[in-house]
Structures are given as structure tokens and as C-alpha cells.
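Coordinate inspection notes
As a plain string of letters, each chain reads:
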Amino acid sequence: DGDGRIGMGKGKAREVPVAVQKAMEAARRNMIKVPLKNGTIHHNLRGEHGAAKVLMAPAKPGDGIIAGGPMRAMFEVLGVTDIVAKSLGSTNPYNMVRATLDALKRTTTAAEVARWPLERVFEHFEKELEKLEQWQAEQRRWCARHGLLLAAYEGGQHAVGIGEAVRDAALERLFTQANRDERMGLMYRRLFDRWEDADGDLFCHFASVSAPSRWGHWGLLEHHDDDPASRPKYRATVDRMRRWRSA
């Protein structure tokens, strides 16, 4: 509808106009609302359907729609005026449309995320780890093909608001709670396990000491005199470092 709502439908009939009408009716029944911000999306998005994969990123006013084929047509009817998007894998129009919808359904605003319980935050982290596992496997194959080592630069997690969301105090409090939660230590152990599974080489961890702020949660410790027992990220990282050193 040009104002953040979009739907997709399929229709079959002997006559083309009838098939189009059926598809339109199906699309109207399956409309979704996509929150937009000044004509673009709120954050980076990735969607998949079958062999099609799409990537999207917000763009500045005036950049226009940097995308082609079915994706461009979808952004125009959605009301997006500025976006950068790329299609990977299959170029089948049907799969690309479904992959684009899959990505758009993942859109969340800072206010929505700030209301998440910690359980949902860690569910999201777990899904991101699953994606990371796939990317690491792809990178490992590429490195093996070219005779290179697989190295991680500034490894570790970082949860932070982007753009205007950096000023969201509720979001900052949620991320601070997550970093101090024991489940964050478990996330770190799983991160290191996946690195081992990918047969990774050097893992260069970003290990600063830094108090949480709206600019991020960088530190394994928040202060130099922190009790390590209260910092799950620190304990998980040091334990794995000692294990790798003795291996």
C-alpha cells in the first residue's frame, strides 16, 4: 500500500486476468506490516527461501533503491525510498520474493526489542550463533582452497543500539542485563565450540575492560577490580584460553 504494508499471493486459472485476480486476493489476505523509518529499514536484514538468499541494509535519504528485479518492485510498493539490497544464490523470481518477505518479517524496532524478556534475547543470540556456524564453515572451505589460515579478528559478542536506537535507555538496560547473565557465559562457550568445529586457527578476542554504555558492552570486565565470579563472559573466555594454551 506504499505505507509499509505488503503481501504476496499466487493464483492459477485458465485465463490470465482470473489468475491475477486470485493472486491479488491471496496477497490481500496475507498482508504484513513492516515498520519503516524515514523511507528505509531499521537495521540490516537477511532472508532465505529455498536456494535464494537476500541481504538488505538501511540507506541515507537520497541514496534511492539500490536493488534490482523483484526486490526493487517490492520495495517500491512497500513505500521504501532508500535501501541497499543484494540477492545471493538462486535468481528464481518466486524464491527471491519469498526470501525478501522472509527478511522483512524479521524487522524489529528498538522499542520492540527493549520489551523482550531475557529468554527471547538469548534465543536470538542462539539463532545468530547458528548463522555464524554456517558462515565459518564457508570461510573454512574458502581458506582451505587458497591455502590460508582461518582467523577471527575482534571476536566476541557486542549488543548495541544502532542509529537513533543508541539513545534508547530501556534497550541499553536490557543489553546490560544480558551481558551480566550467566547464560552469556554459555553463549561464549558455544561460540568457542563452533570455532573449534570450524577448525579455526587464531581467535583474536576483543578483551577490553569497559563499563556498559549506550555505545556498547565491550568489556569482558566492567572494571579492573570486578569479581570474576560475577562476569560470565570473562570466565568463559579465560577458561577456553587456558584450555587452548595447554592443548
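Described in the following lines is the structure provided in the data block. (Residues numbered from 1 in each chain as written. Predicted model: local features only at pLDDT ≥ 70, side-chain atom pairs only at ≥ 80, totals over all residues. Heavy atoms only, no water.)

**A look at a nonpolar patch on the surface**
Keep this limit in mind: Note on patches: the residues involved have over 30% relative accessible area and no salt bridge, like charges join within 9 Å, and the nonpolar side chains Val, Leu, Ile, Met, Phe, Trp and Tyr join within 5 Å. Each accessible area is a Shrake-Rupley result for a 1.4 Å probe, and residues are judged covered by the shown protein chains and nothing else. A carboxyl oxygen of Asp or Glu within 4 Å of a side-chain nitrogen of Lys or Arg is what we treat as a salt bridge. Under the DSSP-based scheme used, a helix requires at least four consecutive residues in state H or I and a strand at least two consecutive residues in state E, with every element numbered from the N terminus. Three labels apply to residues, based on accessible area from a 1.4 Å probe with only protein chains included: buried if under 20% of the type maximum, exposed if over 50%, partly exposed otherwise in between.
Taken together, the side chains of Val16, Val20 and Met24 make up a nonpolar region of the molecular surface, amounting to roughly 280 Å² of accessible area. In this fold, methionine 24 is placed in helix α1 (residues 16-29). Its relative accessible area of 42% is what places methionine 24 among the partly exposed residues.

**Some points on the pattern of salt bridges**
All chains considered together, the criterion is met by 19 salt bridges. Here lysine 60 makes a salt bridge to aspartate 63, at a shortest N to O gap of 3.6 Å. A relative accessible area of 56% means that lysine 60 is categorised as exposed. Among the ionic contacts, a cluster of salt bridges with common partners joins Glu126, Glu133, Arg190 and Arg194.

**A word on helix α3 (residues 93-104)**
What counts here: Multiply 1.5 Å by the residue count of a helix minus one, and that product is the helix's expected span. Here a residue-residue contact requires only that any non-hydrogen atoms of the pair lie within 4.5 Å. Pairs of N or O atoms are called polar contacts if they sit within 3.5 Å, as long as, within protein, a hydrogen donor faces a hydrogen acceptor (for residues adjacent in sequence, only side-chain-to-side-chain pairs).
Helix length check: α3, at 12 residues, gives a terminal C-alpha distance of 16 Å against a target of 16 Å (1.5 Å per residue), a fit within 8%. The complete set of buried residues in α3 reads Asn95, Met96, Val97, Ala99, Thr100, Leu101, Ala103 and Leu104. Contacts from the buried residues of α3 go to β1 (5-6), β2 (32-33), β3 (45-49), β4 (52-58), α2 (69-78) and β6 (83-89). The distance from a side-chain oxygen at the start of α3 to the backbone nitrogen of tyrosine 94 is 2.9 Å, and the residue carrying that oxygen is asparagine 92.

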